[in-house]
Amino acid sequence: MEKENKMEKIVSLCKRRGLIFQGSEIYGGLGGTYTYGPLGVELKNNIKQLWWKKFVQDRMDMVGIDGPILLHPTLWKASGHAEGFGDAMVDCKECKKRFRADHIVEDATGQDLEGKNEEMTKIIHGEKIPCPNCGKSNWTDVRDFNMMFKTQMNGIEEEVFLRPETAGAIFIEFKNIMDSMRMKLPFGIAQIGKAFRNEIVAGNFIFRLREFEQMEIEYLIRPDIDWEPLFETWLKEQEDFARELGAKDEDLRRLEHPKEKLSHYSKKTIDIEYNFPFGFKELFGLAHRGNFDLTQHTEFGNEKLEYFDQETGERFIPHILEPTFGVERSLLVALVAAYTEEQVGEEERVVMKFPKKLAPIKVAFLPLSKKEELSKPTKELFNQMKDKFVCQYDETQSIGKRYRRQDEIGTPYCITFDFDSLEDNAVTVRDRDTMEQERIKIEELENYLIGKLK
Ligand code: GAP
């Protein structure tokens, strides 16, 4: 299957089957925003729950928080976002399109001048680089463009921002966590939540958004430990999570940021990339942030964000390893990895082979006919099972069409209640992947499904 084609097919399936819709579609759409439909919201919640269980509930060295989206404006001065969060941009005065200046320069000259705005302006003007959109050469100077969304808040004169990452809300709760939770180093604080970035170009479906969710961990360590093995362990954990979404090893790779491009405080940063249909691109990241964040928030805030080691009597500012994950990019991996086309006899079937624990619907109940003698007991079965699994009831169209529909949303098991069921107290269970059908006694159905969906 061609890669671009695959992406288009996934986007169309997502709309057709109630997974993901363009945000504000009936008003012409609002770029970089999406609505998760009835099945998309289940899938997204399953991904977040999987992450929360793996990285918070199943570990003794982790705690979670849910901080606000609106944070004190001074926080963004301390973190450096107020000054330097964004890209240097250049606008075409003719067609009014805006571009990343370093991309324009690099495409035309092969030089990487990121961060050198004056030099880039000289080259773009001096060499009369044509606009990739309209072909003319009439540019503004290169200017920094801050990607934070601004808003106003009653009682505060300064501008307030929608947070561009969840991390900030974690750093500033360090003291509250220490005071309330008796954590000992090394330990981590995790959070899942919305982040907003006024990206110049949103795109590639849900890959680059203006409103999205992150799952972030700030993992605090002593400054004097050998952090490299821990760094490697976190990378492996992140790759493991990608595999749990369905990613194959050959579609994952690591990209280390070169020393000259690292932030001044970072000892090491690695992106975990996935082979999306539009190429290898960042999925997750891991950064060693030193003591930058807690030092800055101590300086700008009203509290010393120190750790007191009761055994040694030392006080110090911990260092931080930051594993960061995007929810929507995780979702996109799950979609891309699951999408399968198969030939079944004369027909082609599309099946989303989600890992079973991620599937939006686990079990579909399908009466062979709409007649009450079948629909009533099938609905009763749905009601018996709904507390154990996320179920769906579907009686519309032929059984073949209903199987295909469930395949397209990745439902692992379809249960058909037919006329024989009234006599033999058994139903037909169809497996999504093998399409094999088994006759199972109704009294054994729950345990059978529990075993299969484990
Ligand atoms: N606190 C560190 C931080 O925010 P980042 O690399 O800018 O680092 C972390 O973002 C993760 O958030 C990325 O690896 C990606 O999964 C996700 N992400 C970032 N920008 C995004 C966007 N515009 N749309 C969707 N996901 C995004």
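Everything below is about the structure shown above.
Heads up: these notes are all about the structure in this document. For clarity, every value in this text was computed on a predicted model and none was experimentally measured.

**Quick word on the overall build of the protein chain**
Broken down by element type, the protein chain carries 15 helices and 23 strands. Principal-axis analysis of the C-alpha atoms gives the protein chain an extent of 80 × 65 × 45 Å. The buried share among the 454 residues of the protein chain stands at 49%. In the protein chain, of all internal contacts separated by at least 6 residues, the share reaching a separation of at least 24 is 64%.

**Overview of the sheet that holds strand β10 (residues 211-221)**
The strand order β3-β9-β10-β16-β13-β12-β11 describes an open sheet built from seven strands, whose pairing is mixed. Looking at strand neighbours, the two that pair on one side only are β3 (62-65) and β11 (252-256), the edges of this open sheet. With direction set aside, neighbouring strand axes in the sheet form an average angle of 25 degrees. The pairing of β3 with strand β9 (residues 187-196) spans four bridges and is classified as parallel. The residue bridging Met62 from the neighbouring strand is Gly188, located in β9.

**Concerning the packing of aromatic side chains**
Tallied over the full model, the rule gives 20 aromatic pairs. Ring centres 6.4 Å apart and planes at 35 degrees place the aromatic pair Trp51 and Trp52 in the tilted group. Residue Trp52 is classed as partly exposed on the basis of its relative accessible area of 24%. A centroid spacing of 5.3 Å and a plane angle of 50 degrees characterise the contact between Phe55 and Phe325, whose relative ring orientation is tilted. Here Phe325 lies in strand β16 (residues 319-326) and Phe55 lies in helix α2 (residues 38-57), a separation of 270 residues in the sequence.

**Describing empty space enclosed by the protein**
Summed over all chains, the structure comprises one cavity of 30 Å³ or more. Quantified by volume, the largest cavity comes out at close to 30 Å³. Every residue lining the largest cavity is listed: Ile170, Phe171, Phe174, Ile189, Glu218, Leu220, Leu294 and Ile320. Among the secondary structure elements, those contributing two or more residues to the lining of the largest cavity are α7 (167-171) and β10. Looking at the lining of the largest cavity, its residues break down into seven nonpolar, no polar and one charged.

**Side note on the site of the ligand**
Every one of the 17 residues lining the ligand counts as a neighbour, but Glu165, Glu199, Glu216, Glu282 and Leu283 are closest to it. Contact between the ligand and Gly326: an oxygen atom at 3.1 Å from a main-chain N or O atom of the residue. Burial of the ligand by the surrounding chains reaches 89%, relative to a free accessible area of 560 Å². Put simply, the parts of the chain that give the shell around the ligand at least two residues each are β10, β13 (279-290) and β16. Split into classes, the residues belonging to the shell around the ligand amount to six nonpolar, three polar and eight charged.

**Section: the sheet that holds strand β22 (residues 426-431)**
The sheet built from five strands is open, its strands ordered β20-β19-β21-β22-β23 with mixed pairing. Single-partner strands in this sheet number two, and they are β20 (391-393) and β23 (437-441). This sheet shows a mean twist of 25 degrees between the axes of neighbouring strands, independent of strand direction. Against the sheet, helix α13 (residues 399-409) touches β19 (363-367), β20, β21 (413-417), β22 and β23, its axis set at about 170 degrees to β19.

**Topic: helix α11 (residues 327-338)**
Taking 1.5 Å of rise per residue, the 12 residues of α11 would be expected to cover 16 Å, and the 16 Å separating its terminal C-alpha atoms lies within 8% of that figure. Counting buried residues along α11, 11 of its 12 residues qualify, which places the element largely inside the surrounding structure. Listing the buried residues of α11 in full gives Val327, Glu328, Arg329, Ser330, Leu331, Leu332, Val333, Ala334, Leu335, Val336 and Ala338.

Calculation criteria
- Residues numbered from 1 in each chain as written.
- Predicted model: local features only at pLDDT ≥ 70, side-chain atom pairs only at ≥ 80, totals over all residues.
- Heavy atoms only, no water.
- Helix = DSSP H or I, 4+ residues; strand = E, 2+ residues; numbered from the N terminus.
- Buried < 20%, exposed > 50% of the residue type's maximum accessible area, 1.4 Å probe, protein only.
- Contact = heavy atoms within 4.5 Å.
- Pairing = 2+ DSSP bridges.
- Axes fitted to C-alpha atoms, helices over the stretch in contact; angles between N-to-C directions.
- Phe/Tyr/Trp six-rings, centres within 6.5 Å; stacked < 30°, edge-to-face > 60°.
- 1 Å grid on protein atoms, 1.4 Å probe; cavity = no way out; pocket = protein on both sides within 12 Å on 5 of 7 lines; lining within 4 Å.
- Points joined across faces, edges and corners; volume = space filled by probe spheres on them.
- Nonpolar A, V, L, I, M, F, W, Y, C, P; charged D, E, K, R; others polar.
- Near = heavy atom within 4 Å.
- Polar contact = N/O pair within 3.5 Å; in protein donor to acceptor, adjacent residues only side chain to side chain.
- Areas by Shrake-Rupley, 256 points an atom, 1.4 Å probe, with all protein chains shown as cover.
- Expected span 1.5 Å × (residues − 1).

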